[in-house]
Amino acid sequence: MGSVSPRMNPQPADRLHFDLQLAYARPVIATLAILGLLELRPAREVEKPLAFLIAYVMAAILILVLERALRRYHWRLPLVCDILAAGIFLYLSPEQIPTWFLMFFVAFAAGYRWSLRYSVSLCFGLLLLGFALQMHWKLPAPGSRDLAYSVSLFTAAFLGTVGLAFLGDRNRLFAGQQDFLSRISNTMHVDLGLAESLRLLLEELCAEFQTEGALLAYRDADLERLFVWRMRSGEGERLVPENLPLTRADGFLVDDMEASLCWNSLEGRGDGFGWDRRNKQVLKILPRIPGPTQQEFGIKNFTSVAFDQEGHAAGRLFLINRRPGQEPFAAEHLEWFERIAAHISASLENVFMLRHLRARAIEAERSRISRDLHDGILQTLLSIEIQIDVLRRKVATHVEQVEPGLAGLQQTVRNESAELRHLVTDLRPLRVQSADMVDLMRGFAERFRNESTLALDLLVDSAELHAPDRVCREIFQIYREALNNIKKHAKASHVVVKLSQDDSRLTLVVDDNGEGFSFAGRFTGDELDRLRLGPISIKERTRTVGGVLTVESNPGHGARLTIEVPLG
């Protein structure tokens, strides 16, 4: 899988950790080479290579100390120094086997820092040099090993270096993949919103697989619609999904949602491969994208995998059109793409769930605004129209009654203008932060007391809260909406609001002595959903921040709302 990505390299933190491991391993490997040399020859016969190895061990220990001291500068011993040390020892040593220890060390390090191909080529050259030196020194001497034995030693050493280079290369790829998965997970953040999260996700996928574009197709079961986000490589604009009917689903979700597919050519019979992601069985018949969809999106080749929601395939990711000069999609590309899709499925599910909750909250907010306008301003305007018509009829016969009527209409218009002004103010987006949360609540409470006949007690156990800003924003909106609902519908005379916080949760309680809801008892938000009861917008806002809503209602005697938001 070495060709999966040209960007698949460890990040500085991972490389620094690996270099420290090499620094620890270097004196150990050199010591093993010393022991191997002494096992084969007496010390007096190998004075030069032995002295070199002892100096190498001392230098390795010194380098270890220096690397620990200079770690914050990301300094490391160049790999060329280890290669040079291995070459010098090859030249000095009369025995080839002790050099294997240094060769294996170099093979593993080169496999990690460079690549498998470069490491194997390097080690082959060094081993060939050692083999030539051994033949030059030993063949003319009586009793020397024969050529076949030397060739077998060379082959064994080469296979060993290939194995260590392969392990180093796997280590490098694994570290790079883990970094990529971590980076791509950070693109799927609820605070960024759906459009920006998907743009960053598709942008990363295009760069990783060197494609000209990417698609994400998602089937929304609740709305019975298909949404398609398209990203062209190099574009930084906000993604706007295409809203399509489910009849277009086969064009993007293909016939088999469990199929992982790759088509390197779509002309004629095409050139492709794929398998069932559940059991990895090769597909004998590969699903294809319909011709009109290919033409609409300019698809010449693609690879596609499914992503899950709630344990079932909910959509597909597509990588479209390999960039010119890149090799065709291969099995390792599809396997890596599958792994990425499985890794981000949970994050995608969270982002789509947040989008769904926000859509429901917006719908509930629109319904509330529509209801408020219908029950308030529109009814008042209708009343004003009727009164104006009555006054118009009285102008000719009862002039003395017109002036009081006009004064009453003027006061009515003034009151409704104030109400409309408050409605517009409440609709403006708020920037609520934990530092000013309590002051905002107290300011709204003061305004509430001035504009209504209700007695309001606001009890806050701390002058300063420590909670995420988005939690504070939703809690303030819930607080404001709950009070407005009580003022308009509860017919209450007294309201008590309590806000408290401890190490684990933030709690808001709104208690009034009004008429209560149409139901009696104590219910959670989920129970109210099943019964289709309770304040919809407040329920959705509570879920948005991961909170728990409890509603206690005693018709004719008031109601209590309790919202608890964990602060883990």
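Cut-offs and rules
Residues numbered from 1 in each chain as written. Predicted model: local features only at pLDDT ≥ 70, side-chain atom pairs only at ≥ 80, totals over all residues. Heavy atoms only, no water. Pairing = 2+ DSSP bridges. Helix = DSSP H or I, 4+ residues; strand = E, 2+ residues; numbered from the N terminus. Buried < 20%, exposed > 50% of the residue type's maximum accessible area, 1.4 Å probe, protein only. Polar contact = N/O pair within 3.5 Å; in protein donor to acceptor, adjacent residues only side chain to side chain. Expected span 1.5 Å × (residues − 1). Axes fitted to C-alpha atoms, helices over the stretch in contact; angles between N-to-C directions.

Trainee: Which residues make up the pairing of strand β9 (residues 494-501), and what values do they have?
Mentor: A regular strand places its side chains on the two faces of the sheet in alternate fashion. In terms of strand pairing, strand β8 (residues 455-460) meets β9 through 6 bridges, oriented parallel. Paired with leucine 458 across the strands is valine 497, a residue of β9. Bridge count between β9 and strand β10 (residues 505-512): 7 bridges; the pairing is antiparallel. Its bridge partner being in β10, glutamine 501 is matched across the sheet by leucine 506. Where β9 hands over to β10, the hairpin turn is made up of 3 residues, counted between the paired strands.

Trainee: Tell me what's going on with the environment of arginine 543, and back it up with residues and numbers.
Mentor: The topology assignment puts arginine 543 in helix α15 (residues 536-544). For arginine 543, a relative accessible area of 23% puts it in the partly exposed group. Distance in space between the C-alpha atoms of arginine 543 and valine 565 is 9.2 Å, their sequence separation being 22 residues. Among the polar contacts listed, one links the side chain of arginine 543 to the side chain of aspartate 526, at a separation of 3.3 Å.

Trainee: Give a detailed account of helix α3 (residues 79-92), specifying residues and quantitative values.
Mentor: The first and last C-alpha atoms of α3 sit 20 Å apart over 14 residues, in line with the 20 Å expected at 1.5 Å per residue. Along α3, the residues that are buried comprise Leu79, Asp82, Ile83, Ala85, Ala86, Gly87, Phe89 and Leu90.

Trainee: Any chance you could break down unusual backbone geometry for me, citing the residues and the numbers?
Mentor: Most peptide bonds take the trans form, and the phi angle of most residues other than glycine is negative. Notably, lysine 280 is not glycine yet its phi reads approximately 65°, a positive angle. With relative accessibility at 47%, the residue lysine 280 sits in the partly exposed group. The phi torsion at lysine 491 lies on the positive side, around 55°, for a residue other than glycine. Within the secondary structure, lysine 491 is located in the loop between α13 (469-490) and β9.

Trainee: Could you give an account of the sheet that holds β9, naming the residues involved and the relevant values?
Mentor: Pairing is mixed in the open sheet, where 6 strands are placed in the order β8-β9-β10-β13-β12-β11. Of all the strands in the sheet, the pair left with one neighbour each is β8 and β11 (521-524). The mean inter-strand angle of the sheet, taken between neighbouring strand axes irrespective of direction, is 10°. Judged from the 8 bridges that link them, β10 and strand β13 (residues 558-566) form a sheet pairing that is antiparallel. Bridged to aspartate 511 within β13 is arginine 560.

Everything listed is a geometric property; what it means functionally is a separate question.
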